[in-house]
Every structure is written in structure tokens, then in C-alpha cells.
Amino acid sequence: MRGEKQYSENRRQSTILFLIAAAVILAAVTVSGILLEERGMETDFSRTNLIPSVQYLFGTDWMGRDMLARTLAGLSLSIRIGLLTAVVSAGTALVLGTAAAVLGKKADAVISWCIDLVMGIPHILLVMLISIACGRGFAGVVAGVSLSHWPSLARVIRGEVLQLKSAPYILAAEKLGVSRFDIIRRHMAPHILPQFLTGMILLFPHAILHEASVTFLGFGLSSEQPAIGVILSESMRYLTTGKWWLALFPGLALVLTVILFAMLGERLRRLLDPASAHE
Amino acid sequence: MKHRLQFTAKKLLRMALLLLGVSFASFLLMCASPLDPLQTNVGQTALGSMSREQVEKLEEYWGVDAPPAERYLGWLKDVLHGDFGVSLLYRQPVLEVIGQRLANSVWLLLAAWIISGVLGLALGAAAGAFRGRWPDRLIRGYCLLISSTPAFWLAILLLLVFSVWLGWLPVGLSVPAGVDAAAVTLADRLRHAVLPALTLSITGVANIALHTREKMADVMESDYVLFARARGESERSILLRHGLRNVALPAVTLQFASISEVIGGSVLVEQVFSYPGLGQAAVTAGLGSDLPLLLGITVITSAIVFGGNLAADLLYGAVDPKIRRRAAGR
């Protein structure tokens, strides 16, 4: 038994270490991407189509642009858009989910209908449609991704609040005359907040992937910006001529970033969830 | 029986309302767009060199000047008569375009849907049964990796490996280029559909497997499984008789809920492989501001998704003896 206890303490610590490391890496990528954006746009026709080497780790493209700098700039852009859209959609989910649970039957029916509606249109089509409505570009991507990702989290929050409303300790607090505001602050918020936070972090991976996808299809960021979707859609033209590094490394970097976010969210959930916090 | 009919009718009504909502929402979104269809399709220079009358004619063709409310009601009236309008880019009735494209896509979608469902169920059940041991870790790792991989990048990778590098499979399209339509064989079509279908199947597995795993792990920790073990039932029989039967119900839901994902993925994958399916048509329509076609595709794919949900609800009754008995008792 003692051996197991030792193990669990280590696991908690290692989780926290992992969280810090992941956050530092992601922050470093974001900052370096902002700094390298200029270099990623720089063309130099004396060094076109170079295979990855020590000097150019990710190689160069047909305009002599350094793919490492372009990839980092693209990732940074993706992460920033991901943060923005995840926060907006999680906020929407919180407001609508709570409203559905609190404002009575009619509001609940309307909001649930909206959730079904948004979930009925295939995700990528919906992002495309919203992006078109906003005239594509940066605004289109941000609006498209943030307005299409809230339904599932809203459903979770609605269920939680509904359950909480009839929980014995909330009912008891009401009978004891605790004010509504105090009930929300002291009894409901501590329960909802961890779920909301992890829900928000687990939205990042989806947001980033969908941003890259719509940009790849041509509905997102303009082709001058070094976004991952743009890089990959450009690389498509050079695939058959054997320029594999144009597609391989930027995509791999994107996958690693998304995995890091997904693991971050998963670990955080385990840490915050009382049922598994002491495993 | 009466109860089931009522249930179905209610669901159908809700579905019709949702479809109405979908069409209205997508129409609004497309109307709100600041993108000028004339600019994107005719081009600035061509417009400049045209006479006033020609421009007006074009504006009428692309429906730029009519008020949105009138256009939507007109569209809705036609749809109720079975007419989805004429695609502006393809100059064919929308239903015809969708029919052709869907005929290309449907085998792709169906194959991916079935393979990812079966594989997802098997992997999820295995991971749940071996919770915490190496098969579980392996499958969970695979799911994390796949769910973090954009479908279009996976498509590019497979294209690189199997078409460019190994040269086993064609690079794109659904039939060999430059061959007469009559001369195309079934084998040709299959060869062109392998990579898109493979990509879609690989990406579809993750979600189903992870959810099935949760459920399976719950079942394996339940009292009745403990009792079955105490009774001396073999692990195999426990899995088949208690595990799989209890996982079947959520698996049905997951399987039908994944339709939306498969269709969404096909938009990306078809674009990479230049596969002339429904997804590619959606992208073309979106980029070219072809309102009738995009609207038609959105409404029809949503109808497929809602139809899937309905099928899942109805299958529940058939699969779950508890629901079946309750329905019969009324």
C-alpha cells in the first residue's frame, strides 16, 4: 500500500511538471513565431527548393523562404487564433448553457433547438458558411470557429447546472436563506468552474484543427499570411515533383502542437476532477 | 405500435423544423456575405470592359439585386415543389449536380462509415477490457494521435507515400485522366477510391473507440461482471455476453452521430484527392458564391445527419430490450 501512495504523490507532481513544461513550450512557439514572421516572408531566390539540412532544418520552398520560420510563424498564428476562438466559444457555451438551465422551459427549448441545429450541419460546412458571411479572411475564420464550437460544451454545462439546481445541498442553502448570489458564488461556481476550464482547454485542439482546415480549403486566412493551412495548400502543388518536406514538417509541427494541447487539457481534467485527483 | 408511430411522427416534425432552421440560417449567412459574386467569378477587369446592360444581366443572373426575404421565400416555395433551383456555376439543376456528386461520394462515405464504426467498436472494446494494460495504452495513444491530426494532412501523407513515393495508387480524381467514360472499369474506380476511403476510415476511428472504451471499462467494473467472474465464467464469455451487449447501445448512437463527421471529413479529403464528390462541390460552390448549390448541399447533408439521428433513435427500441418491453407494455 505504501508503494502506491508514493506513486500517487509522484504522479501529481509529474502532472504539474508536465503542465508547466507544455505551457512553456507553447508560449515559446507563440513568441518565436511572432518574432520570425518577417523571416518567414523573406524570399531569396539563391536558395530555392533546398532539402532539409542543418542550416535550414525544414528546408526551403520554391521562393527560397525558410520553412522553419514559416512553420513557426504559422503555428504561432494558429495558437493565437485557437486561444481567441476557444475563449469566445467557451464563453458562449457558459452563457447559453446556464441560460437554458436557469431561465425556464421556453428558453431551454429554444436554446436546445439551436444546439441541435448547429450540431446538425457538418462542422466544416458551418465554418465555411460563417466564414463566407464575414467575407473570409481573419474575421471569417475567427467568427466561423468560435460560433460553431460551443454546442457540445453548452450541453454539458446545461446538464450540470440542471443537476446542481436540485442537489440537496443547494436546496438546503436556499431553505437556510442564503442569497442567490452567494449560492452561485460559493456553491455553484466551484463545481462548474473546473469543468468549464477543462472544457475550454479541450476546445483548443478542435479550434486549431478547424482553423487550419478552412484555411486549407481557401475560406480562411489570406494566402499572404504564413498560416499552416496556407503552407499545406501551397505544398499540394509541389507534391508530385517530390518536394515532400514542404508538407511533412509543417503538418508534423501542427500535430505535435495539437497533441500538446490535448494532453494539457486531459491532464488538467484529471487533476481538477475530484474523482480522479488522488489516483 | 401506436406509441412508436407517435414517437416517429414527433421526431419527423422536429427534424422538418430543424431543416427549415438550417436552410434559413445558411441562407442568411450567405446573404450577409460582403463577397460580390460578380467580382469573384467574372473578375474586375472583365467587368470594367462590359457595357452597363451586360453587367445588369449578370447581376440578375447571380441574384444580387433582389431583396433577401423575397428570395428566401421564393426558394422555399420551389423547394417544397421539389425544385432546388439551378446551380450558377455548373448551369445545371442543383438536384442533378448533387445527385451526380453524391453518386461518386456515397461509396466512399459508406465504406469509411462502416470500416471506422466496426474498427472503432473493436478497438474501443479491446481497450476497455484491458484497461490500464498495454493494449489500452496503445489504442489510447493511437486515438490521441489521430484525433490531433488534421484529415487533410493525413490525406497528403498517404498521397505522398502511396502515390508519389511507391507509385501504387493514382494521385487523384475518381477515374483515370484522359480515358473515355465508357472505358472506365470498376477496378479503375476502386483504385481511385482506396486512398480517400482509407483516410476517412482512419480518422473516423478515434472518437468511436474512445467513447466505447469508457463504456466498456464501466461495464467491466460493474457488479454483474464481478458476479459472473465469481460464478466462474470465462473472460471471453464475459466479454461477449455482458460487455459487448451493453456496449451495443451507445455504439449505435456513436455510429449514427459519426455521419456528420464523415461528411465533414470528406469535404477535406476530396479536396486533397481532387475527388469529384459532394464535398468538393461544396468547396467549389463556397469559393464561387454559388448560393443555390451551397444551400442545397447544406440542406441535404443536414437531412442525412438528422436522418441518421432518427435512425439511431428508432434502432434503440429494436436493440434495447428494456425500451422494447416498455413500448409493448403501453
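Please refer to the structure higher up on the page.
Treat the numbers as computed from the prediction; the structure is a model and nothing was measured. (Residues numbered from 1 in each chain as written. Chains lettered and ligands numbered in written order. Predicted model: local features only at pLDDT ≥ 70, side-chain atom pairs only at ≥ 80, totals over all residues. Heavy atoms only, no water.)

Remarks on the overall build of chain B
Part 1: Within chain B, the secondary structure is distributed over 14 helices and zero strands.
Part 2: When the helices and strands of chain B are read in sequence order from the N terminus, they spell out α-α-α-α-α-α-α-α-α-α-α-α-α-α.
Part 3: The burial tally for chain B puts 44% of its 330 residues in the buried class.
Part 4: Excluding contacts between residues fewer than 6 apart, the proportion of contacts in chain B whose partners are at least 24 apart in sequence is 72%.
Part 5: Summing over all exposed atoms, chain B offers an accessible surface of approximately 17200 Å²; the carbon and sulfur share of this is 64%. (Helix = DSSP H or I, 4+ residues; strand = E, 2+ residues; numbered from the N terminus. Buried < 20%, exposed > 50% of the residue type's maximum accessible area, 1.4 Å probe, protein only. Contact = heavy atoms within 4.5 Å. Areas by Shrake-Rupley, 256 points an atom, 1.4 Å probe, with all protein chains shown as cover.)

Side note on the layout of surface pockets
Rolled over the atoms, a probe as big as a water molecule pinpoints where empty space is left.
Residue and element names in this part refer to chain A.
Part 1: Reported here for the second largest pocket is a volume of approximately 360 Å³.
Part 2: Looking at the lining of the second largest pocket, the elements with two or more residues in it are helix H2 (67-102), helix H6 (150-165), helix H7 (168-175) and helix H8 (180-217).
Part 3: The element that contributes the greatest number of residues to the lining of the second largest pocket is H8, accounting for eight residues.
Part 4: Class assignment of the residues belonging to the lining of the second largest pocket gives a composition of 11 nonpolar, one polar and three charged. (1 Å grid on protein atoms, 1.4 Å probe; cavity = no way out; pocket = protein on both sides within 12 Å on 5 of 7 lines; lining within 4 Å. Points joined across faces, edges and corners; volume = space filled by probe spheres on them. Nonpolar A, V, L, I, M, F, W, Y, C, P; charged D, E, K, R; others polar.)

Topic: the interface of chain A and chain B
Part 1: Contacts between chain A and chain B engage 41 residues on the former and 43 residues on the latter.
Part 2: For the pair chain A and chain B, the two sides together bury roughly 3700 Å², of which 81% comes from carbon and sulfur.
Part 3: At the boundary of chain A and chain B, one finds one salt bridge.
Part 4: Here Arg14 of chain B and Asp116 of chain A are joined by a salt bridge, their closest N and O atoms 2.4 Å apart.
Part 5: Linking chain A with chain B are three residue pairs in polar contact (both at pLDDT 80 or more), by the criterion used here.
Part 6: Secondary-structure elements contributing two or more residues to the side of chain A that touches chain B are helix H3 (105-120), helix H4 (123-133), H8 and helix H10 (245-272) of chain A.
Part 7: Ranked by the residues each element gives to the side of chain A that touches chain B, the list is headed by H10 of chain A, at 10 residues.
Part 8: Of the residues that constitute the side of chain A that touches chain B, the class distribution is 31 nonpolar, eight polar and two charged. (Buried area = accessible area lost by both parts, 1.4 Å probe. Salt bridge = Lys/Arg side-chain N within 4 Å of Asp/Glu carboxyl O. Polar contact = N/O pair within 3.5 Å; in protein donor to acceptor, adjacent residues only side chain to side chain.)

A look at the packing of H8 of chain A against H10 of chain A
Residue and element names in this part refer to chain A.
Part 1: With their axes 9 Å apart at the nearest point, H8 and H10 run at an angle of 170° to one another. Relative to H10, the element H8 is oriented roughly antiparallel. Of the residues in H10, those in contact with Pro194, Thr198, Ile201, Leu202, Phe204, Pro205, Ile208, Leu209 and Ala212 of H8 are Leu254, Val258, Phe261, Ala262, Leu264, Gly265, Glu266, Leu268, Arg269 and Leu272. (Axes fitted to C-alpha atoms, helices over the stretch in contact; angles between N-to-C directions. Parallel < 35°, antiparallel > 145°, perpendicular 65-115°, else oblique.)

Overview of the nonpolar core
Part 1: Counting 132 residues, the largest nonpolar core has Met128, Phe216, Leu217 and Leu232 of chain A together with Leu294 of chain B as the members making the most contacts within it.
Part 2: In terms of residues, this core owes the most to one element, H8 of chain A, which gives 15 residues.
Part 3: Those residues in contact with Leu294 of chain B that lie beyond four places of it in its chain are Leu125, Met128, Leu129 and Ile132 of chain A together with Met30, Ala282, Ala285 and Gly286 of chain B. (Core = buried A, V, L, I, M, F, W, Y, C linked by side-chain atoms within 4.5 Å.)

Structural measurements only, silent on function.
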